[in-house]
Amino acid sequence: MATPLTGRVAVITGGSRGVAETLRAQGAVCAICDRGNAASHDRGNAAPPARDRKSPHDDLVMTLDLRDPMAVDVFATAVEERYGRVDILVTSATATTAAPFESVSARAERALIEDNFLQVTGLIRRMLPLMGDGSAIVNLVQDERCHALDAAVKAAVESLSGSLAVELAPRGISVMAVTVEQAYQLWWSGIPSV
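Just so you know, these numbers come straight off a predicted model, no measurement behind them.

A. Molecular detail of the sheet that holds strand β5 (residues 136-141). The sheet built from six strands is open, its strands ordered β3-β2-β1-β4-β5-β6 with parallel pairing. The open sheet is flanked by β3 (60-63) and β6 (174-179), the only strands paired with a single partner. For this sheet the average axis-to-axis angle between neighbouring strands, irrespective of direction, equals 15°. Contacts from helix α2 (residues 69-83) reach β1 (9-12), β2 (29-34) and β3 within the one sheet, and its direction differs from that of β3 by about 170°. Packing of helix α3 (residues 106-127) onto the sheet brings it into contact with β1, β4 (88-93) and β5, and relative to β4 it is tilted by some 165°.

B. Spatial organisation of the pattern of salt bridges. Tallied over the entire structure, the rule returns seven salt bridges. What emerges from the salt-bridge pattern is a single network uniting R35, D65, R67 and D115.

C. Looking closely at the packing of α3 against helix α4 (residues 148-168). Packing of α3 against α4 brings their axes to within 9 Å, and their N-to-C directions diverge by 15°. Between α3 and α4, the angle is such that the two are roughly parallel. Considering only the axes of α3 and α4, their crossing is right-handed. Listed contacts from α4 to E109, L112, I113, N116, F117, V120, T121 and I124 of α3 are L149, D150, V153, A156, V157, L160 and L164. The residue inventory of the contact of α3 with α4, partitioned by class, reads eleven nonpolar, two polar and two charged.

What counts as what
- Residues numbered from 1 in each chain as written.
- Predicted model: local features only at pLDDT ≥ 70, side-chain atom pairs only at ≥ 80, totals over all residues.
- Heavy atoms only, no water.
- Pairing = 2+ DSSP bridges.
- Helix = DSSP H or I, 4+ residues; strand = E, 2+ residues; numbered from the N terminus.
- Axes fitted to C-alpha atoms, helices over the stretch in contact; angles between N-to-C directions.
- Contact = heavy atoms within 4.5 Å.
- Salt bridge = Lys/Arg side-chain N within 4 Å of Asp/Glu carboxyl O.
- Parallel < 35°, antiparallel > 145°, perpendicular 65-115°, else oblique.
- Left-handed = near helix turned anticlockwise from the far one by under 90°.
- Nonpolar A, V, L, I, M, F, W, Y, C, P; charged D, E, K, R; others polar.

This is how it looks when you write it as structure tokens:
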């Protein structure tokens, strides 16, 4: 039985295991990357089976650091070679400082910006050539009340998403910044243009 996302290719970044499970349930095949143990995003939390994982009907699972442009390029190349396209790109900008402004070091502030903004822009920039009419970029943002720096970075991702939505509309690519809860509602009701 066909489901709303049957045959769609979803690229999902770290911290989004439930997202991958939801998109699979809707019929998508997933390319997943995470800084930690990416294999934990695979079905059943187990390492990928020993069978050939190069089929375009199998998930692609890689452990890499999206803050490294060369690692992003390796991942994007693997996605392109396996699937030839990206229909849904899900980025995760949900890391937090969990601290008031005055107690966050300059180093922690730079790390937050790198984790929640620069890796998002870098991944989008690299995946855009693989995206066509009817594809979607979904930038996940924090859904809880945040401290000042967390809120500022969340606002940056939301602003980027709004501007990209206008910029990419002529190409038929929809862009949105949503919380994880809002994303689940979208996927169960159908992402616009996907």
